[in-house]
Amino acid sequence: MAKAIRRLDADAEVPEEAFEVDIVDMDFHVNPIEERLEPYVEDQRALDRLTTEFGMMPIPDKWDAAYAIEEGNEGLYTQGRAEVVEDVERACEMLAVDEPVVNAGLNLLPGQHHPVLKNAVLEAGNSYMLDHFVDEDVMTALSIPKWDPEFAMGELDRWGDEDGVVGVYSWFDPREPWGHTKFDPIFEKLESLGLPLLLHGSTAFWPQHSYVGDNMITWTEVLGFDWPVHTMVNVVNMIMTGVFDRYPDLNVVFQEGGHWWIPFARYRMDEFYEMHPEDVQITPRKFESGEHYLDRSPSEYLRDNIYVTTQPMALPRRAGEAKSMLDVSMAKDTFMYSSDWPHQTLDPPTWFFNSRAFRDDQELRDAILHENAYDILRT
Amino acid sequence: MSQTDSIDPAECTKVAEVGDIPEGRGIGVDVDGIEIAVFNVGDDDYYAISNRCSHQQAPLCKAGEEKINAEHTWTQSRGSVNTEECTVSCPWHLWKWDLETGVNEASGQRIGTFDCVVDDGDILVRI
């Protein structure tokens, strides 16, 4: 009997069912080239001193992802380089992504030293994104500098109420977690603007030392486990210092910080807090307000105010095990799909269509693929 | 690969013609529900391997595709076909597969390979 032969569609890369579901990608990097960014640098003195692509010459980090990748540094552009809307649309079409939340991808900035030049590059990146994406009705997360809250407030004043800005992008690190009260004006402003805070991992921060361990020298250790530890440090710090009691409508999304740590933090936070909660009253916000305890159990803030992006999903192959992990991770309330295009850890939305854990629970699948995103993004 | 001496063309299925697949690139075909990637490694040598990377089901046939704004990247292509080593690197995460054995050395995993021959200008695969 003659065999049925069909040439495969060269454009579709993910299962056909993926094209039938609304997919929001919470972490899509645009990477404008230096020449396109330069005209947006406002101050000539800063422009004259920007010698490399994303700012001044970076000081080498102790670790580099390139060591682990056959293509070396090209790992940052494994899929290509999106510069304008049409590039983003081409990439999303292949992955069945309907709505990407784009950011300017200036992830090396936190590791740079000079505060004035860092701010100049960040500001230029935002101006570029306003012209090329916000004005083109693409959901965009503009950036604020964690290293300079005052400058961050200025940026929020400049574009915070622009239609098309759906979230605010910044970075997390373990040195100074986001629970510090110096960030309160930012939190207050974000609440009033109705914008979530998207915090991305960065391979570096100033000063450039991982506080987790200097002998961590492989990609698996550093990107795989350093960032989740940084994420947990920030999440627990924000919850225990009462950020969400003071700003209950603030939503924070941790990008690339892992997600399977949630059950650990969920139960451990509650256990420790319920055993010995008496130091909460002397954290700065509680001390000022005179409150004794948190308003709720720590894990309730984790469920209501914290979100994590799923890239890379790394789902157990057995559907039963996957389902259990999704349940204890409160995935329906906390997980958000992200691709991380165009980086080496790209995560197309295949898991949601290949695993029975999602095939049997479309409500969960839809929550992760779009509903949680629409719940918190300013759309 | 293209060794016609031990393979009966009558047992094979035509998937393309010589000239359809540029050197260093591949095509994807579905034969009775089985997805196969066929690569041209030069010198009239073609290899057929399962089209889906075992890691996350990426379509291997797209290895070597030009990146978006390739001129602003260094390696230009998503994944690649190494015609010297006879390997293909996945366009998503660069998992490297031996086209002859179907083995990925790092993980020890193996995907299906298929006999592939050229007969009278036709590229044939034995399923």
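Conventions adopted
- Residues numbered from 1 in each chain as written.
- Chains lettered and ligands numbered in written order.
- Predicted model: local features only at pLDDT ≥ 70, side-chain atom pairs only at ≥ 80, totals over all residues.
- Helix = DSSP H or I, 4+ residues; strand = E, 2+ residues; numbered from the N terminus.
- Rg over C-alpha atoms; globule rule 2.2 N^0.38 Å.
- Buried ≥ 20, exposed ≤ 12 C-beta atoms within 10 Å, placed from the backbone.
- Contact = placed C-beta atoms within 7 Å.
- Pairing = 2+ DSSP bridges.
- Axes fitted to C-alpha atoms, helices over the stretch in contact; angles between N-to-C directions.
- Right-handed = clockwise from strand over helix to strand, strands pointing away.
- Core = buried A, V, L, I, M, F, W, Y, C linked by C-beta atoms within 7 Å.
- Parallel < 35°, antiparallel > 145°, perpendicular 65-115°, else oblique.
- Left-handed = near helix turned anticlockwise from the far one by under 90°.
- Nonpolar A, V, L, I, M, F, W, Y, C, P; charged D, E, K, R; others polar.
- Expected span 1.5 Å × (residues − 1).
- Bend = angle between axes of the 7 residues up to and from the residue.

Points about the overall build of chain A
Counting its regular elements, chain A contains 16 helices and nine strands. Whereas a compact globule of 379 residues would reach a radius of gyration of roughly 21 Å, chain A reaches 21 Å, a difference of no more than 12%. By its C-alpha atoms, chain A is 80 × 55 × 45 Å across when sized along the principal axes. Each of the 379 residues in chain A was classed as buried or not, and the buried ones make up 48%. Taking the contacts inside chain A whose residues are at least 6 apart along the sequence as the reference set, 84% of them involve residues at least 24 apart.

Concerning the overall build of chain B
What chain B contains, in helices and strands, is zero helices and 11 strands. Reading the helices (α) and strands (β) of chain B from amino to carboxyl end gives β-β-β-β-β-β-β-β-β-β-β. Projected onto its principal axes, the C-alpha coordinates of chain B cover approximately 45 × 30 × 25 Å. Going through the 127 residues of chain B one by one, you find that 41% of them count as buried. For chain B, the proportion of contacts with a sequence separation of at least 24, taken over those separated by at least 6, is 53%.

Looking at the sheet that holds strand β9 (residues 96–98) of chain B
Residues and elements named next belong to chain B. The strand order β7-β8-β9 describes an open sheet built from three strands, whose pairing is antiparallel. One side of each edge strand has no neighbouring strand; the edge strands of this open sheet are β7 (80–82) and β9. Strand-to-strand twist across the sheet, computed as the mean angle between neighbouring axes with direction ignored, equals 20°. As paired elements, strand β8 (residues 87–89) and β9 share three bridges and run antiparallel to each other. From the neighbouring strand, V88 faces β9, where its bridge partner is W97.

Concerning the environment of A:A10
Residue and element names in this part refer to chain A. As for its placement among the helices and strands, A10 is situated in the loop between β1 (5–7) and β2 (24–29). A count of 13 C-beta atoms within 10 Å places A10 in the partly exposed class. Spatially, the C-alpha atoms of A10 and M94 are 9.2 Å apart, while their sequence positions differ by 84 residues.

Here we look at the interface of chain A and chain B
In this complex, chain A contributes 27 residues to the contact, which on the side of chain B involves 28 residues. Looking at the side of chain A that touches chain B, the elements with two or more residues in it are β1 and α3 (85–95) of chain A. Pairing of β1(A) with strand β2 (residues 26–31) of chain B, which is carried by three bridges, proceeds in the antiparallel orientation. Counted as the bridge partner of A:R7 is B:V29 from β2(B).

A few points about the pairing of strand β5 (residues 165–171) of chain A
All names here are of chain A. Across the seven residues that make up β5, a large majority, seven, are buried. Here strand β4 (residues 140–143) runs beside β5; their pairing, made up of four bridges, is parallel. From the neighbouring strand, T140 faces β5, where its bridge partner is V165. Viewed along the sheet, the connection from β4 through helix α5 (residues 149–159) into β5 turns out right-handed.

A few points about the sheet that holds β1(A)
With respect to topology, seven strands assemble into an open sheet ordered β1(A)-β2(B)-β3(B)-β4(B)-β10(B)-β11(B)-β1(B), the strand pairing being antiparallel. Sheet topology places β1 of chain A together with β1 (13–17) of chain B at the edges, where each strand pairs with a single neighbour. Adjacent strand axes in the sheet meet at a mean angle of 30° when their direction is disregarded. As judged from the five bridges shared by strand β10 (residues 113–119) of chain B and strand β11 (residues 122–126) of chain B, these two strands associate in the antiparallel manner. Bridged to B:V118 within β11(B) is B:I123.

Focus on the nonpolar core
Counting residues in hydrophobic clusters, the biggest one holds 129 residues, and the most contacted among them are B:V38 and B:L60. Not counting residues up to four positions away in its chain, the partners in contact with B:V38 are B:V15, B:A16, B:I21, B:G26, B:I27, B:V29, B:Y46, B:A48, B:C116, B:I123 and B:V125.

A few points about the pairing of β10(B)
All names here are of chain B. As paired elements, strand β4 (residues 45–50) and β10 share two bridges and run antiparallel to each other. Bridged to A48 within β10 is F114. As consecutive antiparallel partners, β10 and β11 are separated by two residues, and within that stretch D120 has a phi angle of approximately 55°, a positive value.

Let's talk about unusual backbone geometry
Note that the residue after A:Q311, namely A:P312, is joined by a cis bond; omega there is -10°. Relative to the helices and strands, A:P312 resides in the loop between β8 (306–309) and α12 (319–328). Across the junction of A:W341 and A:P342, the peptide omega takes the value 5°, indicating a cis bond. In this structure, A:P342 sits in the loop between β9 (335–336) and α14 (351–354). A positive phi angle, close to 70°, is found at B:Q76, a residue other than glycine. Tracing the sequence through the fold places B:Q76 in the loop between β5 (65–66) and β6 (77–78). Overall, the presence of 15 C-beta atoms within 10 Å leaves B:Q76 in the partly exposed class.

Description of the packing of α5(A) against helix α6 (residues 184–193) of chain A
All names here are of chain A. For the pair α5 and α6, interaxial distance at closest approach is 9 Å and the crossing angle is 15°. As the angle between them shows, α5 and α6 are arranged roughly parallel. Along this stretch, α5 crosses α6, giving a crossing that reads as left-handed. Here P149, A152, M153 and L156 of α5 lie close against α6, whose contacting residues are P185, I186 and K189. Across the contact of α5 with α6, the residue classes break down as six nonpolar, no polar and one charged.

Remarks on helix α7 (residues 219–240) of chain A
All names here are of chain A. In this model α7 runs 31 Å from its N-terminal to its C-terminal C-alpha over 22 residues, within 8% of the 32 Å that 1.5 Å per residue would give. If you look at α7, its biggest bend is around 25°, right at D226, and the proline P228 turns up within four residues after that. Just downstream of α7 lies G242, where phi reads positive at about 80°.

Overview of the packing of helix α9 (residues 262–275) of chain A against helix α11 (residues 298–305) of chain A
In a pair of packed helices, the angle between the axes and the distance between the axes together describe the arrangement. All names here are of chain A. Relative to each other, α9 and α11 sit at 145°, their axes nearing to 7 Å. Of the residues in α11, those in contact with I262, A265, R266, M269, D270 and Y273 of α9 are P298, S299 and L302. A breakdown of the residues in the contact of α9 with α11 according to their chemical character gives six nonpolar, one polar and two charged.

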